[in-house]
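# Fold and contact review
The residues making up each chain are set out below.
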Amino acid sequence: MATRAPAQQALFTVAVAGNPNSGKTTLFNALTGASARTGNHPGITVERRDGMVDLPRSGRVRLVDVPGSYSLNARSPEEELAINAILGRRGQARPDAVLVVLDASALERNLYLLMQVMEFDLPVMAVVNMLDTARDEGLDISFDALRETFGIPFVGTIARRRQGVDLLRRELDDFLGALPRRTNPDWAWTPHDSLVREMNELAPLAGEEVSFELPSEQSRRAFSFWLLSCIHRESDLVVKPRLREATLAARERLEKEELDLDFETIVPRWRFIDEASDRLVKREKPRNARTERIDAVLTHPLWGSLFFLGVMTLVFQALFSWSEPLIAGIEHGFGWLSG
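Residues numbered from 1 in each chain as written. Predicted model: local features only at pLDDT ≥ 70, side-chain atom pairs only at ≥ 80, totals over all residues. Heavy atoms only, no water.

## Observations regarding the overall build of the protein
Stated precisely, the cut-off is as follows: The helix and strand labels rest on DSSP assignments: H or I over at least four residues marks a helix, E over at least two residues marks a strand, and numbering proceeds from the N terminus. Here's how the labels work: a residue is buried when its accessible area is under 20% of the maximum for its type, exposed when over 50%, partly exposed in between, all with a 1.4 Å probe on protein chains only. Per-residue and other accessible areas follow the Shrake-Rupley method at a 1.4 Å probe size, with only the shown protein chains counted as cover for residues.
Check the secondary structure of the protein and you find 13 helices and nine strands. Within the protein, the proportion of its 339 residues that are buried is 47%. Element-wise, carbon and sulfur atoms account for 53% of the exposed surface of the protein, whose accessible area totals about 17,800 Å².

## Brief notes about the packing of aromatic side chains
Note the following rule: Two rings belonging to Phe, Tyr or Trp (six-membered ring only in the last case) form a pair when the distance between their centres is within 6.5 Å. Interplanar angles under 30 degrees mark stacking, angles over 60 mark edge-to-face geometry, and anything in between is tilted.
Counted according to the given criterion, the structure contains seven aromatic pairs. Judged by centre distance (5.6 Å) and plane angle (25°), the ring pair of Trp187 and Trp189 falls under stacked. Each of the two residues, Trp187 as well as Trp189, counts as buried. Their ring planes at 55° and their centres at 5.5 Å tell us that Trp189 and Phe225 sit as a pair that is tilted. Of this pair, Trp189 sits in the loop between α6 (165-177) and α7 (193-209) while Phe225 sits in helix α8 (residues 217-230), and the two are 36 residues apart along the sequence. The class for Trp189 is buried, based on a relative accessible area of 6%. Of the residues examined, Phe225 reaches a relative accessible area of 3% and is grouped as buried.

## What to know about the nonpolar core
Put simply, the rule is: Note on terminology: a nonpolar core comprises buried Ala, Val, Leu, Ile, Met, Phe, Trp, Tyr and Cys residues joined through side-chain atoms within 4.5 Å. By definition, residues are in contact when any of their heavy atoms lie within 4.5 Å.
Of all hydrophobic cores here, the largest spans 67 residues; its most connected members are Leu114, Val128, Phe150 and Phe154. The element that contributes the greatest number of residues to this core is helix α3 (residues 107-119), accounting for eight residues. Residues contacting Phe154, with those up to four places away along its chain left out, are Leu102, Leu114, Ala126, Val128, Phe143, Leu146 and Arg147. Of all hydrophobic cores here, the second largest spans 24 residues; its members include Leu31, Leu55, Val165 and Leu172.

## Focus on unusual backbone geometry
Generally, phi is negative for residues other than glycine and the peptide bonds are trans, each holding for most cases. For Asp121, which is not glycine, the phi dihedral falls at a positive 65°. Positionally, Asp121 belongs in the loop between α3 and β6 (124-129). One non-glycine residue, Glu258, lies in positive phi territory at about 60°. Mapped onto the elements of the fold, Glu258 is located in the loop between α9 (241-256) and α10 (261-280). Overall, the relative accessible area of 74% leaves Glu258 in the exposed class.

## Here we look at the packing of helix α1 (residues 24-32) against α6
Spelled out, the test is: Axis definition: a line fitted to C-alpha atoms, limited for helices to the stretch in contact. Angles are taken between N-to-C directions and run from 0 to 180 degrees. Roughly parallel covers angles under 35 degrees, roughly antiparallel covers those over 145, roughly perpendicular covers 65 to 115, and oblique covers all other angles. Only Asp, Glu, Lys and Arg are considered charged in this grouping, and only Ala, Val, Leu, Ile, Met, Phe, Trp, Tyr, Cys and Pro are considered nonpolar; every other residue, Gly among them, is considered polar.
α6 packs onto α1 with a crossing angle of 75° between their chain directions and a minimal axis gap of 10 Å. Relative to α6, the element α1 lies roughly perpendicular. From α1, Leu27, Ala30 and Leu31 reach across to α6, where they touch Val165, Leu168 and Arg169. By residue class, the composition of the contact of α1 with α6 is five nonpolar, no polar and one charged.

## As for empty space enclosed by the protein
To keep it simple, the criterion reads: Each cavity reported here is a set of points on a 1 Å grid over the protein atoms alone in which a 1.4 Å probe fits but cannot get out, each pocket an open set with protein on both sides within 12 Å along at least five of seven lines, and each lining residue one with an atom within 4 Å of a point. Grid points are joined across faces, edges and corners, and a volume is the space filled by probe spheres set on the points.
Per the stated rule, a full pass over the model turns up two cavities of 30 Å³ or more. Space inside the largest cavity adds up to approximately 70 Å³. Lining the largest cavity are Leu72, Asn73, Gln116, Glu119, Phe120, Ala222, Phe225, Trp226, Ser229 and Arg269. Listed by contribution, the elements that provide at least two residues to the lining of the largest cavity are α3 and α8. Looking at which element gives the most residues to the lining of the largest cavity, the answer is α8, with four residues. Here the residues of the lining of the largest cavity are counted per class, giving five nonpolar, three polar and two charged.

Following this line, the structure appears as structure tokens:
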């Protein structure tokens, strides 16, 4: 088992990723304590935090707490910084591993980001945080099913109470000590044939043009796929000119085939999550039947819209018609007081 001794000051770098409000930064603080520091990444206003954690066998490990993001599509500064930290773009060092923090009370929604990170063929470990909130909502998370479905380690924590943090340190130490390893299984979904063709065309160019290392064919295809998802004529994402033009040309070919990139890239992942959901999360407490009936009406395309219009009509009536007697009464009262 490979180890890195603290005396040699050799560091593993672990990027800590997750959705906003998943407790990611709370967990980061619990792991790093007072060693955390905040700084702006060059060329971007979003802050990132670095901290150190000492592990018995792996030595001093640098944790990079990147801003919370729902995906890696680089449509916001937070998402761009997340992808830069995970891939090692724009002057950042490529991490040795990624720790993805998941909100246990909204596990299915958080798994989308986990799937994206895994596709880049990096060593990935997942933390299911906020287990207390999930239990309060009657949710039972099956860690065995998560490990079987995704093929990576999962650890449960309640970061704000420091529960499970020591176990996470031990698991992270074992995980890093076993590197290098076969990282992740193949993608959990199958892209459209036309998309696969363009990804394969872009993959060699991506490996030549980027300034960071793409260690495997899977990571090159994932980067090509990411480029196709993010690069368009109006995007200001910085890549090398030749790679940008090749990506735009590939997108144009796909558009001529009337292939909806958003549909082909988003729907298959959610389909996989939906199909696995029943195995991963069990609802122990029955949902309130009355609440479900109310929700069915209020969220219905027709009845919900009619209800909304009715409420707005009542509000306008209350403001402009029904308020007149009250206003007149107030004016009469102040007139009487003035007299």
